[in-house]
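One-letter residues, chain by chain:
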Amino acid sequence: MAKNEIPMGRFADPSEIGYAVAFLSSQKASYITGISLAIDGGWRKSL
């Protein structure tokens, strides 16, 4: 995948993925059960 295919125009910084993992592992996300979270800069299009 090339950077120009990603709507944000760049690859993720590893810390950006870490922030999502930390949130989903935290008490603040305790009511979330079963989710597919696309951390892809908008590359995957969905409705």
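Structure first, text after, so check above.
This is a predicted model, so every value here is computed, not measured.

A. View of the overall build of the protein chain. The helix and strand inventory of the protein chain stands at one helix and zero strands. Each principal axis of the C-alpha distribution contributes one length, and for the protein chain these read about 35 × 25 × 15 Å. Counting only residues that meet the buried cut, the protein chain has 6% of its 47 residues in that class. Counting every atom, the protein chain has about 4200 Å² of accessible surface; 60% of that belongs to carbon and sulfur. Computed over 5 positive and 4 negative side-chain charges, the inter-centroid distance for the protein chain is 4 Å.

B. Quick peek at a nonpolar patch on the surface. Taken together, the side chains of Ile 17, Val 21, Phe 23, Leu 24, Ile 32, Ile 35, Leu 37 and Ile 39 make up a nonpolar region of the molecular surface, amounting to roughly 660 Å² of accessible area. Structurally, the position occupied by Phe 23 is in helix H1 (residues 14–24). By relative accessible area, which is 38% here, Phe 23 ends up partly exposed.

C. Layout of the pattern of salt bridges. All chains considered together, the criterion is met by one salt bridge. Where Arg 10 meets Glu 16, a salt bridge forms, and the shortest distance between an N and an O atom there is 2.8 Å.

D. Expanded view of the environment of Ser 26. Its location among the elements puts Ser 26 in the segment after H1. Since its relative accessible area comes to 24%, Ser 26 is described here as partly exposed. The spacing of Ser 26 and Asp 40 is 14 residues in sequence and 21 Å in space, taken between C-alpha atoms. A polar contact of 3.3 Å, which involves the side chain of Ser 26, links it to the backbone nitrogen of Lys 28.

Conventions and cut-offs
- Residues numbered from 1 in each chain as written.
- Predicted model: local features only at pLDDT ≥ 70, side-chain atom pairs only at ≥ 80, totals over all residues.
- Heavy atoms only, no water.
- Helix = DSSP H or I, 4+ residues; strand = E, 2+ residues; numbered from the N terminus.
- Buried < 20%, exposed > 50% of the residue type's maximum accessible area, 1.4 Å probe, protein only.
- Areas by Shrake-Rupley, 256 points an atom, 1.4 Å probe, with all protein chains shown as cover.
- Lys, Arg positive; Asp, Glu negative; His and termini not counted.
- Charge placed at Lys NZ, Arg CZ, Asp CG, Glu CD.
- Patch = residues over 30% accessible without salt bridge, like charges linked within 9 Å, V, L, I, M, F, W, Y side chains within 5 Å.
- Salt bridge = Lys/Arg side-chain N within 4 Å of Asp/Glu carboxyl O.
- Polar contact = N/O pair within 3.5 Å; in protein donor to acceptor, adjacent residues only side chain to side chain.

From the geometry alone we can't say anything about function, so treat these as descriptive.
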